[in-house]
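# Overview (structure and organization)
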Amino acid sequence: MWTFFHKLASPPHFYDISARFIPWFAVLGLLLIGYGTVAGLFFAPADYQQGDAFRIIYVHVPAAYLSMMAYSIMAVSAAIGLIWRMKLAHAVAAGAAPLGAWFTFLALATGSIWGRPMWGTWWEWGDPRLTSELIMLFLYFGYMALRAAIDDTTKADKASAVLALVGAVNIPIIHFSVEWWSSLHQGPTLVREGGPAIEPAMLYPLLAMIFGFTFFFGALLLARVRTEVLSREHRARWVRNMMMGESA
Amino acid sequence: MTEMFAMGNYGAYVWSSFGLTAIVMLACVAQARSRQRTVYQQIETRLKAMESAE
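Not measured: the values here are computed from a predicted model.

Turning to the overall build of chain A, a few remarks are in order. For chain A, the helix and strand inventory stands at 9 helices and 0 strands. The dimensions of chain A, computed from C-alpha atoms along their principal axes, are 60 × 35 × 35 Å. Among the 248 residues that make up chain A, the fraction classed as buried is 49%. When contacts within chain A are restricted to residue pairs at least 6 apart in sequence, long-range pairs at least 24 apart make up 73% of them. A total of about 12400 Å² of accessible surface is found on chain A, and carbon and sulfur atoms cover 68% of it.

This brings us to the interface of chain A and chain B. Residue-level contacts link 40 residues of chain A with 31 residues of chain B. Overall, the association of chain A and chain B removes approximately 3300 Å² of surface from exposure, summing both partners, and the carbon and sulfur fraction of that is 77%. At the boundary of chain A with chain B, the tally comes to 4 residue pairs in polar contact (both at pLDDT 80 or more). Elements with a contribution of two residues or more to the side of chain A that touches chain B: α2 (11–43), α3 (57–84), α4 (87–119), α8 (200–232) and α9 (237–247) of chain A. Ranked by residues supplied to the side of chain A that touches chain B, first place goes to α4(A) with 12 residues. Tallied by class, the residues present in the side of chain A that touches chain B amount to 27 nonpolar, 6 polar and 7 charged.

What follows covers the environment of V178(A). Residues and elements named next belong to chain A. Structurally, V178 is set in helix α7 (residues 170–180). For V178, a relative accessible area of 16% corresponds to the buried category. As for V178 and H234, which are separated by 56 residues in sequence, their C-alpha atoms are 46 Å apart. Look past the residues within four positions of V178 in its chain and what remains in contact with it is R129, S183, H185, Q186, G187 and P188.

On to the packing of aromatic side chains. Residue and element names in this part refer to chain A. One pass over the full model with this rule turns up 15 aromatic pairs over all chains. Ring centres of W180 and W181 lie 5.7 Å apart, and the angle between their planes is 90°; on these two criteria the pair is classed as edge-to-face. Overall, W181 belongs to the partly exposed group, its relative accessible area being 42%. The structure contains a cluster of three or more aromatic residues connected by ring pairs, namely F21, F25 and F215. Seen from the ring of Y15, R226 lies directly overhead, with NZ or CZ sitting 3.9 Å from the centre.

Our next topic: the packing of helix α5 (residues 128–149) of chain A against α7(A). All names here are of chain A. Viewed as axis vectors pointing N to C, α5 and α7 meet at an angle of 160°, and their least axial separation amounts to 8 Å. Taken together, α5 and α7 sit at an angle that is classed as roughly antiparallel. α5 and α7 meet at a crossing whose hand is left-handed. Across the interface between the two elements, P128, R129, S132, E133, I135, M136 and L139 of α5 pack against N170, I171, I173, I174, H175, S177 and V178 of α7. When grouped by side-chain class, the residues that make up the contact of α5 with α7 number 8 nonpolar, 4 polar and 2 charged.

Here we take up the pattern of salt bridges. Residue and element names in this part refer to chain A. For the coordinates displayed, the defined rule picks out 5 salt bridges over all chains. Here D52 makes a salt bridge to R55, at a shortest N to O gap of 2.8 Å. Assigned by exposure class, D52 and R55 land together as buried. Here R147 makes a salt bridge to D157, at a shortest N to O gap of 2.6 Å. Residue R147 is found in helix α5, and its partner D157 is found in helix α6 (residues 153–167); the two are separated by 10 residues along the sequence.

Cut-offs and rules
Residues numbered from 1 in each chain as written. Chains lettered and ligands numbered in written order. Predicted model: local features only at pLDDT ≥ 70, side-chain atom pairs only at ≥ 80, totals over all residues. Heavy atoms only, no water. Helix = DSSP H or I, 4+ residues; strand = E, 2+ residues; numbered from the N terminus. Buried < 20%, exposed > 50% of the residue type's maximum accessible area, 1.4 Å probe, protein only. Contact = heavy atoms within 4.5 Å. Areas by Shrake-Rupley, 256 points an atom, 1.4 Å probe, with all protein chains shown as cover. Buried area = accessible area lost by both parts, 1.4 Å probe. Polar contact = N/O pair within 3.5 Å; in protein donor to acceptor, adjacent residues only side chain to side chain. Nonpolar A, V, L, I, M, F, W, Y, C, P; charged D, E, K, R; others polar. Phe/Tyr/Trp six-rings, centres within 6.5 Å; stacked < 30°, edge-to-face > 60°. Lys NZ or Arg CZ within 6 Å of the ring centre and 35° of its normal. Axes fitted to C-alpha atoms, helices over the stretch in contact; angles between N-to-C directions. Parallel < 35°, antiparallel > 145°, perpendicular 65-115°, else oblique. Left-handed = near helix turned anticlockwise from the far one by under 90°. Salt bridge = Lys/Arg side-chain N within 4 Å of Asp/Glu carboxyl O.

What is shown is where atoms sit, not what they do.
Here's what the structure looks like:
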């Protein structure tokens, strides 16, 4: 088991293995998203309160979940990178940030579009769920800007890792915001006491979307980390051999 | 059929959400690819420079 991890942490080995997972993740992700989209839009019954507007849940919840998942991956990788000085972990953190920013943007935008017909407003300043999610978008931007501003990769890794870890306080705040404070945002649908509050015909497409988005995100993350590894290792012999082999 | 796509007067909200999601996902793929191309090109340029220096 440990040898597997040690091997995986070696950049050429990771570069080789990760390439095999990307197409599977991508295909699986697209299949699940395809099923979830069709079933969610056309076969799930309309909500008794929200009518057809509730169907926005099928893109909003997966995006919001991934926005937090990406941050957690980024923060945990940053911590591993700081503690064990593992370069691959820093590469993972750097690769997760732009994806996390995109999914945070998507969660905010689809939430806003959903809020307009349901709450009568696109945005509510001071709402804890909305504000903490927006802060996460700025944390991603700050993380990426900090990395871009420091030329030395080792220094950029350390500084950005500290930022990622400090910002991680925001994750539980986002999650519990709807329980701790009064918010326009509705309470949790899936992860709650007493099990999911949603009927199966609505639930299955949502689960398909969540897993589909996750696989899609996994493929993108691997692709980004591979690029990151290549860029960091550009002086290494294996990169040289591989590039020479490809161009020959 | 039209009724199916109308989403009970919420069509504009539902479709724009799904459309935006598709756009963001494509953007994620495009951005990852363009970054990969940039890094490939940087390494190739460096390797060529090294070759001609040898």
